[in-house]
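# Structure assessment
Next come the chains, spelled out residue by residue.
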Amino acid sequence: MKPDKSVSGSAEQRLALRYLQSFPLSAARVIERQPTDKVVELLQMLGQHRAIALVGDLMPYYVARLCTQAPLELSAKWLAPMATRRLTMILRFMNKPRRAELLKVLPVQVAAACRVFLNYPEDTVGGWMSDLFMVLPDNISVGEALSRLQEPGYLLNIDAIPVVDSSHELQGIISHISLYSAAQTSPVSEIMDRDSPVLSARASLDAAQQHPGWSRYDTLPVLNRDRQLVGVLRHVHLRDSQVHKEQSGRHAITASRSMLGNLGASYVQVLGTGFGWLGDAFNETEQAQKDKQP
């Protein structure tokens, strides 16, 4: 990759930025071992576009720590473009006063979606459902449904599309295969699966893991107490919830320790030289790649 000529700063800082561009996930893991005040400085130097990309690769609990220390308006700019589920996860790691402050300055629609998710306990289906999904009305034809599948922003990885009536109550679900196999003039209501498996938003994640519907679909509709569709839960996100639970446990153990003490005096000295920690990591990564070459 060619170096970014638009980047100013010392040679060491340019090297660090090159590492961020070339190995973003590896850089994120290095950054998560650093004191948050140093990383806030780095994010401010990167500019909004690069900062948003980097924050998107960091672990939720670390992002929460960054946004607790960074200026409020700046934190909101980093968080606003995120998917609601991830943003909600980050907000859960914050203390309530800071969370309330951020919800006030985030875009209205983003904050409203987060409040819906935060209304559900973290160990429930509602806390992990997704609000980014395609919904079809029950009064359209297959041809009209196929046209909607081409709309920008549609998530193609959804294997089961919920079908709702005018009250947003679930009527069934329909698969891509069923749509592409049916005549375009056929009503969607005639070919949808009316006996579709569903999840309650208030159901526990442990109960959701045992749901028999996963043997039929990788995505299940999530309903509120009035049988209205409020989201979908993908099995991959159900697995993510277990990983998040384990990470939260580890974070609770390490939060009481001093990060600076863990890093050691010599490592802290490196941090003070102007993002040298990223440059060192980049050199190690490049050398490892060279060693693998025949």
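The coordinates are above.
Residues numbered from 1 in each chain as written. Predicted model: local features only at pLDDT ≥ 70, side-chain atom pairs only at ≥ 80, totals over all residues. Heavy atoms only, no water.

Attention shifts here to the overall build of the protein. The helix and strand inventory of the protein stands at 17 helices and six strands. Evaluated residue by residue, the protein yields a buried proportion of 43% over its 294 residues. Accessible area of the protein: about 15,500 Å², with a carbon and sulfur share of 51%. (Helix = DSSP H or I, 4+ residues; strand = E, 2+ residues; numbered from the N terminus. Buried < 20%, exposed > 50% of the residue type's maximum accessible area, 1.4 Å probe, protein only. Areas by Shrake-Rupley, 256 points an atom, 1.4 Å probe, with all protein chains shown as cover.)

On the basis of which strands lie adjacent, the open sheet formed by three strands has the order β4-β5-β6 and mixed pairing. Two strands lie at the open edges of the sheet, namely β4 (199-200) and β6 (229-234), each paired on one side alone. Where β4 lies against strand β5 (residues 219-223), two bridges are found, and the strand directions are parallel. Opposite L199, over in β5, you have V222 as the bridge partner. (Pairing = 2+ DSSP bridges.)

This paragraph deals with the nonpolar core. Among the nonpolar cores identified, the biggest contains 36 residues, and I31, L43, L54, L58, V63, L79 and M94 are the most heavily contacted of them. F133, I173, L199 and L233 belong to the second largest nonpolar core, which has 24 residues in total. (Core = buried A, V, L, I, M, F, W, Y, C linked by side-chain atoms within 4.5 Å.)

Turning to the sheet that holds strand β3 (residues 170-175), a few remarks are in order. Here we have three strands laid out as an open sheet, ordered β1-β2-β3, and mixed in their pairing. Looking at which strands have only one partner, the edges of the open sheet turn out to be β1 (136-137) and β3.

Following the sequence through the fold, R98 ends up in helix α8 (residues 96-105). Classification of R98 as buried rests on a relative accessible area of 12%. Not counting residues within four places of it along the chain, the set of residues in contact with R98 comprises C67, T68, A70, P71, L72 and S75. (Contact = heavy atoms within 4.5 Å.)

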